[in-house]
Amino acid sequence: MEGYLPSKDLIFFIPGNPGIVFTHPAKHYITVEQLLRTQECLVQKTTNPIVYIEDRRVKLRRQQIIITDSISRSKVSGLSLIA
């Protein structure tokens, strides 16, 4: 199965809203299936469209929006919520 090894964090966010919803850490392999499943799960949780990009910032922002209820690790194995 093909995948991707991002050199920077993959950032999931809601377009037009400030903050980050979810992140996949850099240097951790992710398959296309996991990426799409994660995006679909986040859309269901937030009822908003979710977009992801590879982080381009040099400095990390302190203010972050996270989903308060946990996402089942069985649905998005290998990914973790921002702490």
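Right, let's walk through the structure included here. (Residues numbered from 1 in each chain as written. Predicted model: local features only at pLDDT ≥ 70, side-chain atom pairs only at ≥ 80, totals over all residues. Heavy atoms only, no water.)

## What to know about the sheet that holds strand S3 (residues 22-24)
Where we set the bar: What makes two strands pair is DSSP finding at least two bridges between them. Secondary structure counts use DSSP, requiring at least four H or I residues in a row for a helix and at least two E residues in a row for a strand, with both numbered from the N terminus. Angles shown run from 0 to 180 degrees and are taken between the N-to-C directions of axes, each axis being a line fitted to C-alpha atoms and, for helices, limited to the stretch in contact. The contact rule is simple, with two residues in contact once any of their heavy atoms fall within 4.5 Å.
The strand order S3-S2-S5 describes an open sheet built from three strands, whose pairing is antiparallel. Both outer strands of the open sheet, S3 and strand S5 (51-54), are each paired with one neighbouring strand and no more. If you compare each strand with its neighbour and ignore which way they point, the axes differ by 20° on average. Judged from the three bridges that link them, strand S2 (residues 10-13) and S3 form a sheet pairing that is antiparallel. Note that in S3 the partner of Ile11 across the bridge is Thr23. Contacts from helix H1 (residues 32-46) reach S2, S3 and S5 within the one sheet, and its direction differs from that of S2 by about 25°.

## Some words on the nonpolar core
Generally speaking, a soluble globular protein has its nonpolar side chains buried in company with each other. Note the cut-off: Among buried residues, the Ala, Val, Leu, Ile, Met, Phe, Trp, Tyr and Cys ones that are joined through side-chain atoms within 4.5 Å form a nonpolar core. For every residue, the accessible area (1.4 Å probe, protein chains only) is compared with the maximum for its type, and the residue is labelled buried under 20%, exposed over 50%, or partly exposed between those bounds.
Judged by nonpolar contacts, Leu10, Phe12, Ile14, Val21, Phe22, Ile30, Leu35, Leu42 and Ile50 together constitute the single largest core of nine residues. Taken together, the elements giving at least two residues each to this core come down to S2 and H1. If sequence neighbours within four positions are ignored, Phe12 has contacts with Ile20, Val21, Phe22, Thr23, His24, Leu35, Thr38, Gln39, Leu42, Ile50, Val51 and Tyr52.

These results come straight from atomic positions and should not be treated as a statement about function.
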